[in-house]
Amino acid sequence: MSSATSIVIIPARYASTRFPGKPLADIKGKSMIQRVYEQAQKSASISAVYVATDDERIQKHVLQFGGNVVMTSPNHQSGTDRCAEAMQLIEAENNGIEKADIIINIQGDEPFIQPEQIDALVQLFDHERTEIATLIKPIEEDSVLWDVNKPKVIRGENGNALYFSRQCIPHLRNIPQSEWLQNHTFFKHIGVYAYRRRTLQEITQLLPSLLEQAESLEQLRWLENGFSIQTAITHFESPSIDTPEDLQRILHQNLSKKP
């Protein structure tokens with residue numbers, strides 16, 4: 001287990017085209033953001049959890065259930081940028097006492113994230129060369145393999161990500177596509193990140209890159225600028241909640257059951 005000080009920051013916006021107010025949506029008696037918060041608290045690897053928001057309704061709600069919350073700018077383009085500002089605010093409000101070595105970025109719509117997944121990310125920082133860490137999951141279904149809304153990743157022998165793409169990578173030459181899953185292990189990217197403090201500061205200063213703009217994947221900006229992204233394999237994936245219909249679907253599932 002890493003001896004570094006680690007905190008979780010949960011970026012949470014109220015505005016959403018497909019699901020306005022999503023962080024406050026009720027899931028069997030608790031809001032989505034509260035469930036994310038409480039799941040993160042179960043990790044044995046972290047010292048604190050914070051919500052980073054730009055909305056007073058979310059701020060008020062987090063305070064009501066006893067959580068830590070910081071108000072950030074409404075102008076951030078990504079959760080990474082919001083995490084970076086939140087980290088600075090946390091340090092300023094606590095006179096540096098809460099200065100963390102590692103920041104874990106968990107989106108506010110991940111109410112079923114498992115604490116073991118957070119632990120796995122933090123453990124990657126036992127290696128001094130780890131700058132950024134993320135989760136990947138073996139792909140088992142053809143529908144996922146060809147879905148451009150589910151980013152894929154290939155990694156090297158040392159576990160570092162080599163490239164992320166919305167297309168299926170790598171290409172298996174001379175093998176029918178219907179047989180690809182039987183001939184290679186493909187990985188889907190699970191969008192949970194952890195960063196060293198200095199790395200988080202550095203990557204938020206980078207301009208959008210050509211590869212990022214081509215694929216619409218923020219992590220390609222980091223790779224294109226020479227940062228390494230270490231990966232940890234997980235076999236659990238939280239149900240996706242992007243619309244009210246998604247929420248209604250999971251409301252009929254047992255919250256303690258892992259898919």
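Residues numbered from 1 in each chain as written. Predicted model: local features only at pLDDT ≥ 70, side-chain atom pairs only at ≥ 80, totals over all residues. Heavy atoms only, no water.

Student: Describe the overall build of the chain, and please don't skip the residues or the numbers.
Tutor: A count of helical and extended segments in the chain gives ten helices and eleven strands. At 18 Å, the chain has a C-alpha radius of gyration in line with the 18 Å of a compact globule built from 259 residues. C-alpha extents for the chain along the principal axes are approximately 60 × 45 × 35 Å. Across the 259 residues of the chain, 52% fall into the buried class. For the chain, contacts bridging at least 24 residues in sequence account for 67% of all contacts bridging at least 6. Total accessible area on the chain is roughly 13000 Å²; 45% of this is exposed by carbon and sulfur atoms. Positive and negative side-chain charges in the chain, numbering 26 and 33 respectively, have mean positions lying 3 Å apart. (Helix = DSSP H or I, 4+ residues; strand = E, 2+ residues; numbered from the N terminus. Rg over C-alpha atoms; globule rule 2.2 N^0.38 Å. Buried < 20%, exposed > 50% of the residue type's maximum accessible area, 1.4 Å probe, protein only. Contact = heavy atoms within 4.5 Å. Areas by Shrake-Rupley, 256 points an atom, 1.4 Å probe, with all protein chains shown as cover. Lys, Arg positive; Asp, Glu negative; His and termini not counted. Charge placed at Lys NZ, Arg CZ, Asp CG, Glu CD.)

Student: Residue-level account of the packing of aromatic side chains, with values.
Tutor: Inspection of the entire model under this criterion finds six aromatic pairs. Ring centres of Y37 and F65 lie 5.4 Å apart, and the angle between their planes is 70°; this geometry places the pair in the edge-to-face category. Taken together, the residues span a long stretch of sequence, with Y37 in helix α1 (residues 32-41) and F65 in the loop between α2 (56-64) and β5 (68-71) at a distance of 28 residues. For Y37, a relative accessible area of 4% corresponds to the buried category. An angle of 45° between the planes, with centres 5.2 Å apart, marks the rings of W146 and W180 as tilted. (Phe/Tyr/Trp six-rings, centres within 6.5 Å; stacked < 30°, edge-to-face > 60°.)

Student: Can you lay out the pairing of strand β8 (residues 152-155) for me, pointing to particular residues and giving the numbers?
Tutor: When β8 meets strand β9 (residues 161-165), the two strands line up antiparallel, connected through four bridges. Opposite V153, over in β9, you have F164 as the bridge partner. With antiparallel pairing between neighbouring strands as the criterion, β8 and β9 make up a hairpin whose turn holds five residues, including G159 at a positive phi of roughly 90°. Bridge count between β8 and strand β10 (residues 187-196): two bridges; the pairing is antiparallel. Looking at the pairing, K152 lines up with K188 of β10. (Pairing = 2+ DSSP bridges.)

Student: Before we move on, can you summarise the side chain of S45 with the specific residues and values?
Tutor: Mapped onto the elements of the fold, S45 is located in the loop between α1 and β4 (48-53). For S45, a relative accessible area of 9% puts it in the buried group. A distance of 2.7 Å separates the side chain of S45 from the side chain of D119, its partner in a polar contact. (Polar contact = N/O pair within 3.5 Å; in protein donor to acceptor, adjacent residues only side chain to side chain.)

Student: A description of the nonpolar core should follow, citing residues and the corresponding values.
Tutor: If you look at the biggest cluster of nonpolar residues, it comprises 30 residues, and the most contacted ones within it are I9 and W222. Put simply, the parts of the chain that give this core at least two residues each are β1 (6-12), β4, α3 (79-93), β7 (132-138), β9, β10, α7 (197-203) and α9 (219-224). Per-element accounting of this core gives the leading share, five residues, to α3. If sequence neighbours within four positions are ignored, W222 has contacts with T80, I132, Y193, Y195, I203, L206, F227 and I229. Counting residues in each nonpolar core, the second largest holds 29 residues, with V8, I46, L135 and I190 among its members. (Core = buried A, V, L, I, M, F, W, Y, C linked by side-chain atoms within 4.5 Å.)

Student: Outline the pattern of salt bridges, listing residues and values.
Tutor: A full pass over the atoms with the stated rule returns eight salt bridges. Taking the shortest distance from any N to any O, the salt bridge between D54 and R82 comes out at 3.7 Å. With D54 in the loop between β4 and α2 and R82 in helix α3, this pair connects stretches of sequence that are 28 residues apart. We classify R82 as buried; its relative accessible area is 2%. Where R57 meets D55, a salt bridge forms, and the shortest distance between an N and an O atom there is 2.8 Å. A relative accessible area of 48% places R57 in the partly exposed class. (Salt bridge = Lys/Arg side-chain N within 4 Å of Asp/Glu carboxyl O.)

Student: Explain helix α4 (residues 115-123) to me, using residue names and the numbers behind them.
Tutor: Three or more residues of α4 are buried, namely P115, Q117, I118, D119, L121 and V122. Lining the buried residues of α4 we find β1, α1, β6 (102-105), β7 and β10.

Student: How would you sum up the environment of R173? Please name residues and give values.
Tutor: With respect to the element layout, R173 can be found in the loop between β9 and α6 (180-183). R173 gets classed as exposed once you look at its relative accessible area, which sits at 69%. Taking the C-alpha atoms as reference, R173 lies 19 Å from G156; in sequence the two are 17 residues apart.

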